[in-house]
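Below, each chain spelled out in residue letters.
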Amino acid sequence: MNLEIVLFIIFSGIAAVTAVLMITRKNPIISALFLVLNFASLAGLYLVLNAQFIAVAQVIVYAGAIMVLFLFVIMLLRPGEEKLMDFKPVLKIFAIALSAVVLLQIIYMIFLTGPGAAMTPVLESSIKAGTIEQIGRELFTTYVLPFEAAGFLLLAATIGALILAKKKFE
Amino acid sequence: MSIPLEYYLVLSAFMFVTGVTGVLTRRNAIVVFMSIELMLNSANLSMVAFSSFMGNSAGQVFVFFVMTVAAAEAAVGLAIIIALFRNKVSLNIDEVNIMKW
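Described in the following lines is the structure provided in the data block. (Residues numbered from 1 in each chain as written. Chains lettered and ligands numbered in written order. Predicted model: local features only at pLDDT ≥ 70, side-chain atom pairs only at ≥ 80, totals over all residues. Heavy atoms only, no water.)

Notes on the overall build of chain A
In terms of helices and strands, chain A carries seven helices and zero strands. When the helices and strands of chain A are listed from N to C terminus, the series reads α-α-α-α-α-α-α. Taking the principal axes of the C-alpha coordinates as reference, chain A spans close to 60 × 40 × 30 Å. Across the 170 residues that make up chain A, the buried fraction comes to 35%. A separation threshold of at least 6 residues defines the contact pool for chain A, and within that pool the share at least 24 residues apart is 59%. Element-wise, carbon and sulfur atoms account for 77% of the exposed surface of chain A, whose accessible area totals about 10200 Å². (Helix = DSSP H or I, 4+ residues; strand = E, 2+ residues; numbered from the N terminus. Buried < 20%, exposed > 50% of the residue type's maximum accessible area, 1.4 Å probe, protein only. Contact = heavy atoms within 4.5 Å. Areas by Shrake-Rupley, 256 points an atom, 1.4 Å probe, with all protein chains shown as cover.)

Structure representation (structure tokens):
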């Protein structure tokens, strides 16, 4: 049993368990903290997959910036009223059954088609594809137009968030 | 590379379905929003897995763009939630039906 398998089992176990805990907790702050743990274990999985840059970006952008924003808003709005929001049990059972059917369908399709058999993973090219040098080169040559568009999107989102949060409602 | 690609895809499918269940069953707007982030991340996981197994960084560039969109979406969505809370003093998405005709 080599290190890669051990790390995969640890990180995927944490990711799966925290995902379930995240949607079942009553208190949204605890949900948010479980989601941070989920994102951190996903960063670990990205490292197992030799995607160094994406792993670092995952920790900085998701577990850092986005989740801090979520926690800020949760603490600002002090939502302690989840007990009053009764979810109908019939709807809940229906949703879980539907999700289980969809999950079984996806798993069946994954093992029926077996995409892993069609590709021969080479460790050297996999490591090379995950370095910040390779991703930066792709980003500024092939994908330079989408990159500029992403920058414009962030500017638009900043202005939109400012206007939405500043607006006074009567 | 000793783990089959299928295992990553199954984990990604499980996380996606968990996010769908969260969106369908929870009534707190912020938790619904966090479930959407979970679904985005599960898609990211399968894209990074494919990219790494193919030795091609296009998938990881795409994940970078998904992260950008998720950051923009979180900023705008949370601003909408704050505006909603100021207006209705509730985070229950069942009570938010002002756009219903």
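Focus: the nonpolar core
In this structure, Y46(A), I54(A), F70(A), Y8(B) and M34(B) are the most contacted members of the largest nonpolar core, which totals 61 residues. If you tally residues by element for this core, the top one is helix α3 (residues 52-77) of chain A, at 13 residues. In this structure, this core is formed jointly by two domains, domain 1 (3-130) and domain 2 (131-170) of chain A, each of which donates at least three residues. Apart from residues lying up to four places away in sequence, Y46(A) is in contact with A51(A), I54(A), A55(A), Q58(A), N41(B), N44(B), L45(B) and V48(B). (Core = buried A, V, L, I, M, F, W, Y, C linked by side-chain atoms within 4.5 Å. Domains from an automatic or database assignment.)

What to know about the interface of chain A and chain B
Between chain A and chain B, the contact holds 87 residues from the first and 71 residues from the second. Here chain A and chain B share an interface that buries about 7100 Å² over both sides, 78% of which is from carbon and sulfur atoms. One can count zero salt bridges joining chain A with chain B. Our enumeration of links across chain A and chain B arrives at six residue pairs in polar contact (both at pLDDT 80 or more). Mapped onto the side of chain A that touches chain B, the elements with two or more residues apiece are α1 (3-24), α2 (28-48), α3, α4 (89-113), α5 (123-130), α6 (132-141) and α7 (144-166) of chain A. Among the elements that line the side of chain A that touches chain B, the one with the most residues is α3(A), at 13 residues. Here the residues of the side of chain A that touches chain B sort into 62 nonpolar, 15 polar and 10 charged. (Buried area = accessible area lost by both parts, 1.4 Å probe. Salt bridge = Lys/Arg side-chain N within 4 Å of Asp/Glu carboxyl O. Polar contact = N/O pair within 3.5 Å; in protein donor to acceptor, adjacent residues only side chain to side chain. Nonpolar A, V, L, I, M, F, W, Y, C, P; charged D, E, K, R; others polar.)

Some thoughts on the side chain of S57(B)
Relative to the elements of secondary structure, S57(B) occurs in the loop between α2 (29-54) and α3 (58-88). Sequence-distant contacts of S57(B), defined by excluding residues within four places in its chain, comprise A129(A), Q134(A), I135(A), E138(A) and S51(B).

Thoughts on a nonpolar patch on the surface
Residue and element names in this part refer to chain A. A contiguous nonpolar surface patch, about 410 Å² in accessible area, is contributed by L3, V6, I10, I14 and L37. Considering every element that reaches the nonpolar patch, the biggest residue donor is α1, with four residues. Mapping I14 onto the fold places it in helix α1. For I14, a relative accessible area of 33% gives the class partly exposed. (Patch = residues over 30% accessible without salt bridge, like charges linked within 9 Å, V, L, I, M, F, W, Y side chains within 5 Å.)

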